[in-house]
There are 6 protein chains.
Amino acid sequence: MRYEHLSSPAIAALDRDATILIVSLGAVEQHGPHLPVGTDSMIVTALCEAAARQRGDTVVLPPPWYGVSPHHMRFPGTVSIGVDTMRALVGDIVDSAVTHGFRRILLVNGHGGNGPTLDVLATTLGHRHHPRVRIAGLTYFQLAAAEIDAIRESAPGGAGHAGEVETSLMLHLAPDLVGMEDAVAVYPDAGSPYLTTDLTGSSPIRTFTDFSDLSSSGVFGDPSLADAGKGERLFTAIVGSLDRFLDDFAGWPLT
Amino acid sequence: MRYEHLSSPAIAALDRDATILIVSLGAVEQHGPHLPVGTDSMIVTALCEAAARQRGDTVVLPPPWYGVSPHHMRFPGTVSIGVDTMRALVGDIVDSAVTHGFRRILLVNGHGGNGPTLDVLATTLGHRHHPRVRIAGLTYFQLAAAEIDAIRESAPGGAGHAGEVETSLMLHLAPDLVGMEDAVAVYPDAGSPYLTTDLTGSSPIRTFTDFSDLSSSGVFGDPSLADAGKGERLFTAIVGSLDRFLDDFAGWPLT
Amino acid sequence: MRYEHLSSPAIAALDRDATILIVSLGAVEQHGPHLPVGTDSMIVTALCEAAARQRGDTVVLPPPWYGVSPHHMRFPGTVSIGVDTMRALVGDIVDSAVTHGFRRILLVNGHGGNGPTLDVLATTLGHRHHPRVRIAGLTYFQLAAAEIDAIRESAPGGAGHAGEVETSLMLHLAPDLVGMEDAVAVYPDAGSPYLTTDLTGSSPIRTFTDFSDLSSSGVFGDPSLADAGKGERLFTAIVGSLDRFLDDFAGWPLT
Amino acid sequence: MRYEHLSSPAIAALDRDATILIVSLGAVEQHGPHLPVGTDSMIVTALCEAAARQRGDTVVLPPPWYGVSPHHMRFPGTVSIGVDTMRALVGDIVDSAVTHGFRRILLVNGHGGNGPTLDVLATTLGHRHHPRVRIAGLTYFQLAAAEIDAIRESAPGGAGHAGEVETSLMLHLAPDLVGMEDAVAVYPDAGSPYLTTDLTGSSPIRTFTDFSDLSSSGVFGDPSLADAGKGERLFTAIVGSLDRFLDDFAGWPLT
Amino acid sequence: MRYEHLSSPAIAALDRDATILIVSLGAVEQHGPHLPVGTDSMIVTALCEAAARQRGDTVVLPPPWYGVSPHHMRFPGTVSIGVDTMRALVGDIVDSAVTHGFRRILLVNGHGGNGPTLDVLATTLGHRHHPRVRIAGLTYFQLAAAEIDAIRESAPGGAGHAGEVETSLMLHLAPDLVGMEDAVAVYPDAGSPYLTTDLTGSSPIRTFTDFSDLSSSGVFGDPSLADAGKGERLFTAIVGSLDRFLDDFAGWPLT
Amino acid sequence: MRYEHLSSPAIAALDRDATILIVSLGAVEQHGPHLPVGTDSMIVTALCEAAARQRGDTVVLPPPWYGVSPHHMRFPGTVSIGVDTMRALVGDIVDSAVTHGFRRILLVNGHGGNGPTLDVLATTLGHRHHPRVRIAGLTYFQLAAAEIDAIRESAPGGAGHAGEVETSLMLHLAPDLVGMEDAVAVYPDAGSPYLTTDLTGSSPIRTFTDFSDLSSSGVFGDPSLADAGKGERLFTAIVGSLDRFLDDFAGWPLT
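Residues numbered from 1 in each chain as written. Chains lettered and ligands numbered in written order. Predicted model: local features only at pLDDT ≥ 70, side-chain atom pairs only at ≥ 80, totals over all residues. Heavy atoms only, no water.

K.L.:
Sorry, what's going on with the overall build of chain A here?
P.N.:
Broken down by element type, chain A carries nine helices and five strands. Counted from the first residue to the last, chain A has its helices and strands arranged as α-β-α-β-α-β-α-β-α-α-α-β-α-α. A globule of 255 residues ought to have a C-alpha radius of gyration of about 18 Å, and chain A, at 18 Å, matches this closely. Overall, chain A is about 50 × 35 × 30 Å in size when its C-alpha atoms are taken along their principal axes. Going through the 255 residues of chain A one by one, you find that 69% of them count as buried. Pairs at least 24 residues apart make up 80% of the contacts formed inside chain A by residues separated by at least 6 positions. Carbon together with sulfur atoms contributes 51% to the accessible area of chain A, which is approximately 7800 Å² in total. The centroid of the 16 positive side-chain charges in chain A is displaced by 10 Å from the centroid of its 29 negative side-chain charges. (Helix = DSSP H or I, 4+ residues; strand = E, 2+ residues; numbered from the N terminus. Rg over C-alpha atoms; globule rule 2.2 N^0.38 Å. Buried < 20%, exposed > 50% of the residue type's maximum accessible area, 1.4 Å probe, protein only. Contact = heavy atoms within 4.5 Å. Areas by Shrake-Rupley, 256 points an atom, 1.4 Å probe, with all protein chains shown as cover. Lys, Arg positive; Asp, Glu negative; His and termini not counted. Charge placed at Lys NZ, Arg CZ, Asp CG, Glu CD.)

K.L.:
Looking at this structure, how should I read unusual backbone geometry?
P.N.:
Excluding glycine, most residues fall at negative phi; most peptide bonds, likewise, are trans. For the bond running from H130(A) to P131(A), omega is 0°, close enough to zero to count as cis. Mapped onto the elements, P131(A) comes out in the loop between α4 (115-129) and β4 (134-139). Despite not being glycine, W65(B) has its phi angle at roughly 70°, a positive value. Position of W65(B) among the secondary structure elements: in the loop between β2 (58-60) and α3 (83-99).

K.L.:
Hey, could you run me through the interface of chain D and chain C in this one?
P.N.:
How large an interface is tends to be reported as the accessible area lost when its parts come together. At the junction of the two partners, chain D supplies 42 residues and chain C supplies 42 residues. Interface area for chain D against chain C, summed over the two sides, is near 3400 Å², with a carbon-plus-sulfur share of 66%. Seen at the junction of chain D and chain C, the total is zero salt bridges. Here chain D is connected to chain C by 18 residue pairs in polar contact (both at pLDDT 80 or more). (Buried area = accessible area lost by both parts, 1.4 Å probe. Salt bridge = Lys/Arg side-chain N within 4 Å of Asp/Glu carboxyl O. Polar contact = N/O pair within 3.5 Å; in protein donor to acceptor, adjacent residues only side chain to side chain.)

K.L.:
Mind showing me how you'd approach the interface of chain E and chain A here?
P.N.:
Of the residues lining the interface, 38 residues belong to chain E; the matching set on chain A comes to 38 residues. Looking at the side of chain E facing chain A, the largest losses of area belong to H130(E), R206(E) and F208(E), adding up to 20% of the total buried there. If you look at where chain E meets chain A, you find four salt bridges. A salt bridge links D119(E) to R206(A), with the nearest nitrogen and oxygen atoms 3.7 Å apart. Of all elements in the fold, only α3 (83-99), α4 (115-129), β4 (134-139), α5 (140-143), β5 (206-207) and α9 (228-250) of chain E reach the threshold of two or more residues within the side of chain E that touches chain A. Its residues placed into classes, the side of chain E that touches chain A shows 17 nonpolar, 12 polar and nine charged. Relative to β4(E), strand β5 (residues 206-207) of chain A runs antiparallel, the two sharing two bridges. Bridge pairing in β4(E) places R206(A) opposite G137(E). (Nonpolar A, V, L, I, M, F, W, Y, C, P; charged D, E, K, R; others polar. Pairing = 2+ DSSP bridges.)

K.L.:
In this structure, what is going on with helix α4 (residues 115-128) of chain C? I would like to understand it.
P.N.:
Counting along an α-helix, one turn takes 3.6 residues, and residues three or four places apart therefore face a common direction. All names here are of chain C. With 14 residues, α4 extends 20 Å from end C-alpha to end C-alpha; this agrees with the ideal 20 Å at 1.5 Å per step. With respect to burial, α4 is a largely interior element, 10 of its 14 residues being buried. Within α4, the full set of buried residues consists of G115, P116, T117, L118, D119, V120, L121, A122, L125 and G126. (Expected span 1.5 Å × (residues − 1).)

K.L.:
Just to check I follow, could you spell out the nonpolar core for this structure?
P.N.:
Nonpolar side chains in soluble globular proteins tend to end up buried together. One finds L106(A), L106(B), L106(C), L106(D), L106(E) and L106(F) to be the most contacted residues of the largest nonpolar core, which totals 477 residues. Not counting residues within four places of it along the chain, the set of residues in contact with L106(D) comprises I20(D), L21(D), I22(D), V23(D), A136(D), G137(D), L138(D), L242(D), F245(D), L246(D) and F249(D). (Core = buried A, V, L, I, M, F, W, Y, C linked by side-chain atoms within 4.5 Å.)

K.L.:
Help me understand the sheet that holds strand β4 (residues 134-139) of chain B in this model?
P.N.:
What the five strands build is an open sheet, ordered β2(B)-β1(B)-β3(B)-β4(B)-β5(C); its pairing is mixed. Whereas interior strands pair on both sides, the edge strands pair on one side only; in this sheet they are β2 of chain B together with β5 (206-207) of chain C. Helix-sheet contacts for helix α2 (residues 39-53) of chain B involve β1 (20-25), β2 and β3 (104-109) of chain B, and the interaxial angle to β1(B) is about 165°. (Axes fitted to C-alpha atoms, helices over the stretch in contact; angles between N-to-C directions.)

K.L.:
Could you clarify how one ought to interpret the relation of the copies chain E and chain A in this entry?
P.N.:
Least-squares fitting of chain E to chain A yields an RMSD of 0.0 Å, with the superposition described by an axial translation of 0.0 Å and a rotation of 180°. Considering both components of the superposition, the chain copies are consistent with a two-fold axis. The C-alpha atom lying nearest the rotation axis in chain E is that of P116(E); the distance is 2.9 Å. Interface overlap between copies: 100% of the residues of chain E at the interface are likewise at the interface in chain A, consistent with a symmetric, same-surface contact. (Least-squares fit on C-alpha atoms with pLDDT ≥ 70 in both.)

K.L.:
When you look at the packing of helix α2 (residues 39-53) of chain A against helix α9 (residues 228-250) of chain A in this model, what are you seeing that I'm missing?
P.N.:
Working note: a packed helix pair is described by the angle between its axes plus the distance between those axes. Residue and element names in this part refer to chain A. Where α2 contacts α9, the axes come no closer than 9 Å and their chain directions differ by 60°. When the axes of α2 and α9 are compared, the pair comes out oblique. In this structure, the crossing between α2 and α9 has a hand that is right-handed. Of α9, the residues touching α2 (which contributes A46, L47, C48, A50 and A51) are F235, I238, V239, L242 and L246. (Parallel < 35°, antiparallel > 145°, perpendicular 65-115°, else oblique. Left-handed = near helix turned anticlockwise from the far one by under 90°.)

K.L.:
Hey, could you run me through the relation of the copies chain D and chain C in this one?
P.N.:
There are two copies of the chain, and a rotation about an axis plus a shift along that axis relates them. Structural alignment of chain D on chain C gives an RMSD of 0.0 Å, achieved by rotating through 180° and translating 0.0 Å along the axis. In this assembly, 100% of the residues forming the interface of chain D have copies in chain C that are likewise at the interface, indicating an isologous arrangement.

K.L.:
Please clarify how the sheet that holds strand β5 (residues 206-207) of chain F should be interpreted in this entry.
P.N.:
Strand pairing in a sheet takes place through backbone hydrogen bonds and is either antiparallel or parallel in direction. Reading across from one edge, β2(D)-β1(D)-β3(D)-β4(D)-β5(F) is the order of the five strands in this open sheet, with mixed pairing throughout. Edge strands, defined here as strands with exactly one partner in the open sheet, are β2 (58-60) of chain D together with β5 of chain F. Sheet topology note: the strand β3 (residues 104-109) of chain D/strand β4 (residues 134-139) of chain D ladder contains six bridges and is parallel. When the bridges of β4(D) are listed, L106(D) appears paired with A136(D). Contacts from helix α2 (residues 39-53) of chain D reach β1 (20-25), β2 and β3 of chain D, with the element oriented near 165° to β1(D).

K.L.:
What exactly am I supposed to notice about the pairing of β4(A) here?
P.N.:
For a regular strand, side-chain orientation follows a simple rule: the groups alternate between the two sheet faces. Among the six residues in β4(A), five count as buried, and that is most of the element. Once the chain exits strand β3 (residues 104-109) of chain A it traverses α4(A) before rejoining the sheet at β4(A), and the crossover so formed is right-handed. (Right-handed = clockwise from strand over helix to strand, strands pointing away.)

K.L.:
What is the right way to read the packing of aromatic side chains from this model?
P.N.:
How two aromatic rings sit relative to each other is given by the distance of their centres and the angle of their planes. Per the stated rule, a full pass over the model turns up 36 aromatic pairs over all chains. Ring geometry for F245(A) and Y194(E): centres 4.8 Å apart, planes at 80°, overall edge-to-face. Taken together, the positions of F245(A) in helix α9 and Y194(E) in the loop between α7 (164-173) and β5 put the pair across two chains. Taking the relative accessible area as the measure of exposure, F245(A) reaches 0% and is therefore buried. (Phe/Tyr/Trp six-rings, centres within 6.5 Å; stacked < 30°, edge-to-face > 60°.)

See below:
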């Protein structure tokens with residue numbers, strides 16, 4: 001169910017205590033030679049819409065598209081917005097929704113570079129609208145890390161930026177936009193055992209990594225392992241994971 | 001040609017002196033009982049993509065969707081972002097494009113409430129990137145006012161917010177999202193001969209008008225005069241008007 | 001009636017529902033070799049004070065003097081303040097007036113470069129103080145375009161920056177500050193039929209124009225056509241136009 | 001010599017190493033029942049212009065008029081701008097002057113409430129343009145405290161806001177705007193020996209004082225002691241004091 | 001080695017390529033009835049100084065003390081600074097250090113509420129100073145989660161805010177400031193299996209939790225399990241963990 | 001009595017009408033070759049704590065440590081925060097204290113470069129929390145100028161930055177951190193009789209002075225005249241002076 005397709009009276013008719021509004025956060029940035037720059041936003045929006053379609057209580061707002069991508073700016077085509085731009089934009093969207101009485105708002109992120117900003121947004125907006133409104137944020141490949149790792153075939157490092165997982169998902173969602181002939185594995189050296197280059201990896205260390213320092217093609221991982229069937233299985237698994245969290249979120253008490 | 005569908009190397013391969021990048025600006029706001037809240041953004045993005053399709057030198061960036069709509073916030077469903085949020089967002093997008101060497105950037109607006117911000121953006125971004133980059137801004141119903149007035153049937157006031165013109169365009173673009181049974185004319189009284197409520201009207205007076213003060217349905221004008229054929233003629237005429245300006249813009253000298 | 005000449009109790013004694021407060025917006029910027037840099041502010045303030053003098057309900061605040069003039073900064077002597085500086089300044093002035101109960105506030109602009117900022121101010125301040133206070137903005141040469149065109153003698157392009165109209169007005173207001181021996185016509189080429197260089201022209205296209213790119217003297221138009229008598233006729237006509245709008249504005253309903 | 005009266009070429013012809021540009025800072029705020037709200041700006045601008053007239057090297061910029069006056073906002077008619085608004089405004093003016101090559105810039109203040117902001121401006125702008133440009137700031141009644149105290153007749157407390165000194169100066173400069181029949185002495189109790197209510201007093205303690213807490217008329221001191229002759233003597237003495245500093249400032253070395 | 005104890009020449013004499021500067025981030029906030037409000041800053045600063053003492057290449061800057069603690073503001077005594085205040089403060093400190101040539105800067109955090117801000121700081125400052133300077137951030141109880149879990153005795157939930165771990169550390173560092181007679185266990189219900197209340201727990205979900213909603217004493221966990229010996233073992237283990245990361249960080253290549 | 005050592009319930013138990021909270025403001029900046037960079041913060045914090053210890057009604061918050069020191073940035077080791085950073089930081093601290101009901105808050109400054117910011121803070125925070133809360137600010141060497149001048153032996157200019165007074169105070173407080181063998185007098189030439197280089201001097205002129213322009217060692221004054229006994233006498237005198245003001249401040253009426 002897409003918010004932009006509803007009329008004002010139709011939105012007014014929603015149960016605004018129960019309805020979960022989703023804002024998807026992605027990016028417009030280089031994804032190697034084989035994926036389009038819109039990859040992150042296309043994937044995360046598709047995931048949110050699929051989850052909303054199989055539920056009756058969830059509506060997805062139009063995607064803001066752009067993300068925080070300074071670490072990709074050395075590659076042509078990347079569009080990066082600042083941390084404060086994203087905070088202002090998502091803040092204004094959420095504030096508008098709260099003005100109209102919505103009380104459950106979820107930010108679903110699909111781009112690693114948005115992580116710090118997502119975290120600030122979830123906590124500061126949560127504080128601003130506490131206790132009337134519940135606001136949560138998540139990054140799909142962290143939420144569904146176990147499900148993703150159960151399907152992927154590459155070792156750690158193979159499912160990084162534009163790697164096995166993202167390429168599979170795009171082969172499932174928009175195969176015409178994928179150039180598998182250009183999909184070549186790159187296993188970058190992050191330079192420290194404390195750092196990771198994999199979507200499902202985690203590290204206690206926060207730092208800035210310019211992707212052009214580690215990979216001349218912009219790829220982290222092995223996109224050659226991608227296929228559409230794997231993409232479909234990943235998609236289904238991640239949507240399932242998201243749906244389970246939405247079940248939980250739908251029950252968070254309101255005051 | 002949609003920017004988000006291109007890979008980084010494909011963007012690098014564009015002639016960045018000649019290519020015109022378009023950022024479309026719309027809104028997510030009430031459009032009466034018969035049109036979806038995404039109307040402005042859907043129309044303006046469709047116009048830009050149509051103009052780009054019939055040219056070889058123009059690429060359309062993903063639409064930021066949200067606009068400056070405080071005057072509609074009393075109607076459920078409106079999402080309004082601040083003047084400074086829009087400035088930051090469009091500024092970051094344009095700056096990124098300039099970083100990658102693009103030199104002709106056009107902001108195409110489809111929402112009256114964005115007008116002041118569009119004007120500030122065109123002049124301040126133009127100044128920031130002068131003299132290397134040419135940046136222009138326009139609002140489609142001002143650019144094509146004569147063409148629109150040649151097709152519309154209503155008297156002045158009939159083609160305002162969610163009126164004859166926007167409803168016709170939506171019947172052409174997304175008829176499933178239009179509820180003509182709810183399309184009822186409202187001719188609001190702006191309260192002064194110095195003010196206008198029509199898309200193609202103009203006034204030397206700037207002021208704030210809360211739409212709920214003038215129309216309880218949110219409609220300004222007569223949507224009952226809308227039909228899909230008229231929408232197609234309007235669409236073609238506006239795209240033609242935009243295309244003529246793009247011809248001119250493509251020739252603005254670079255230093 | 002000048003605000004700065006009144007005592008606090010005298011201001012308290014005004015009918016603050018009916019009284020119209022005017023803030024004049026001008027510029028301190030190059031006006032060619034024959035006009036002083038204070039031209040815009042001197043003209044607009046004189047117009048406002050003349051209109052106020054012939055009415056009983058209007059008070060003019062002290063002029064902030066400085067405007068948004070980045071497009072003139074390559075000429076010595078220009079003082080340019082930022083869009084946000086002007087917003088803050090006029091915003092604070094208007095907020096103070098609202099605090100004291102004034103309910104009709106008009107921004108009268110006399111400098112093209114202030115246009116986008118004026119538009120943002122009129123709408124955002126209007127929104128901030130809606131519905132208690134009516135706030136409007138106008139640029140005198142747009143309000144009185146027809147009256148001006150009826151008096152001027154030059155073809156379009158002749159009455160631009162420091163051209164026939166502004167020079168005539170200054171010959172009427174402050175002839176000692178005008179050096180007619182240096183008043184030489186320049187008809188700049190704006191480079192596109194979509195653009196205009198005349199005070200009373202209008203265009204649907206917004207862009208940044210650096211005046212030094214088009215005119216080495218800083219003049220747009222033909223100041224040699226100026227004379228004091230024409231200046232007086234222009235002045236009277238513009239004040240009349242302003243007065244007619246003030247009559248209308250005085251009647252805008254308050255809630 | 002007034003900056004706004006000069007043409008762009010005339011400004012270009014100034015010796016910009018030697019010329020001292022003055023920005024005067026005042027206020028538009030209540031000055032009791034007997035003085036106009038423009039008092040501070042009128043006095044300080046007159047002082048600066050008089051000092052400039054008797055020198056050949058000094059030009060006075062148009063006065064920004066408005067000051068930081070939250071402590072007077074409970075009295076009708078006060079217009080207060082924020083600390084950051086004044087910083088932005090004066091910063092933009094100074095930056096413009098520096099762009100055009102001016103290297104000696106003096107901020108002359110005539111309103112106590114501007115003191116903290118003046119201090120921030122002098123140091124931050126001085127740092128921004130160090131070492132090319134010398135920027136200084138002063139408040140006239142601190143610079144000339146000894147000269148003022150030699151002329152005034154009241155005891156400490158008598159020459160506060162709208163008291164003996166300001167009223168005398170206004171009787172000298174604009175007697176028509178002074179209502180001596182309403183000039184009544186008020187000796188407010190500042191509540192602590194660490195605080196002062198006199199223009200020439202000084203205290204090591206910084207705090208906020210709302211003037212309406214201490215004086216119902218807005219007066220601090222004894223305006224009934226004012227007369228025009230005393231005003232002329234004060235004016236001459238202060239201008240002399242300012243002129244002596246300008247002599248010194250003109251010799252500050254440039255790098 | 002404490003930065004504030006060094007003279008300017010002594011700092012100039014440091015090997016600024018090799019020296020690691022540490023900024024510790026803590027909080028001044030309620031820590032239940034048995035711990036002082038300075039707990040977080042005291043612990044994290046002590047950890048950093050201990051790590052620096054046992055190395056020759058590390059200097060600890062004076063602690064900024066205050067953290068982002070809106071979730072504790074309902075408890076008396078909490079001092080909370082905004083996300084942007086902390087960003088400005090740490091940003092200015094790091095920028096100053098970079099100006100003086102330091103190239104390895106580590107932010108060590110000891111307060112969960114600072115996490116999002118730490119993440120933004122590490123990435124934005126890292127980007128600002130890339131590629132000359134390496135900037136990293138960590139939270140000690142995430143870095144040393146395994147070491148902490150090996151020593152603690154409580155089940156998950158027992159080592160939350162002011163629980164077993166923090167209380168033990170304070171008994172080791174400043175026993176006089178601990179009131180064990182008031183140390184009572186609270187096992188709050190976070191309301192969702194997706195959330196955690198333990199220092200070493202992790203969750204893919206970001207949200208705002210007001211601590212007063214979950215615990216009337218402000219305690220999360222079981223401080224009654226704390227003792228000084230355990231505190232010493234925890235302290236040694238965490239310092240060891242930090243030291244191992246510093247060994248790695250010292251080897252991150254410089255360009 | 002140190003705030004960070006108190007528990008939340010202990011703070012709640014304070015008489016928040018009567019208790020004076022002190023925020024000390026210092027700097028981390030070069031203090032010549034013989035004093036540590038933490039000098040200003042160490043001195044001012046020690047003074048505040050000593051005053052608080054001999055009273056029953058005063059609590060000292062943890063020191064923010066860093067100050068506004070752009071004029072020292074050319075000397076290695078200086079850490080300078082911006083005027084707005086300090087405003088945000090102290091503003092957040094004071095706002096938190098006010099939230100918890102404290103009504104007497106004193107900012108005690110020990111660094112000349114913080115002066116303008118202190119002044120802005122005292123007035124703007126005072127205004128923000130008027131009339132419920134009394135907020136004052138002072139700089140110790142201005143408050144106690146007479147007491148200091150009675151003890152010092154140097155002529156004016158001898159007790160400037162890192163000179164006789166500061167060095168004596170540090171010999172009293174932290175002799176191990178002072179290198180008297182490097183304590184060499186420097187009497188800088190401020191270049192104008194209107195300027196001063198002494199802690200207890202005063203001037204009506206505000207300007208920016210880069211300390212490296214006047215002293216290659218960073219010293220202003222004669223530290224060789226310092227000794228620990230003089231430091232103790234100075235310390236006692238300044239604490240006495242502060243205590244007398246606290247007596248007065250404790251009696252400022254609350255509304």
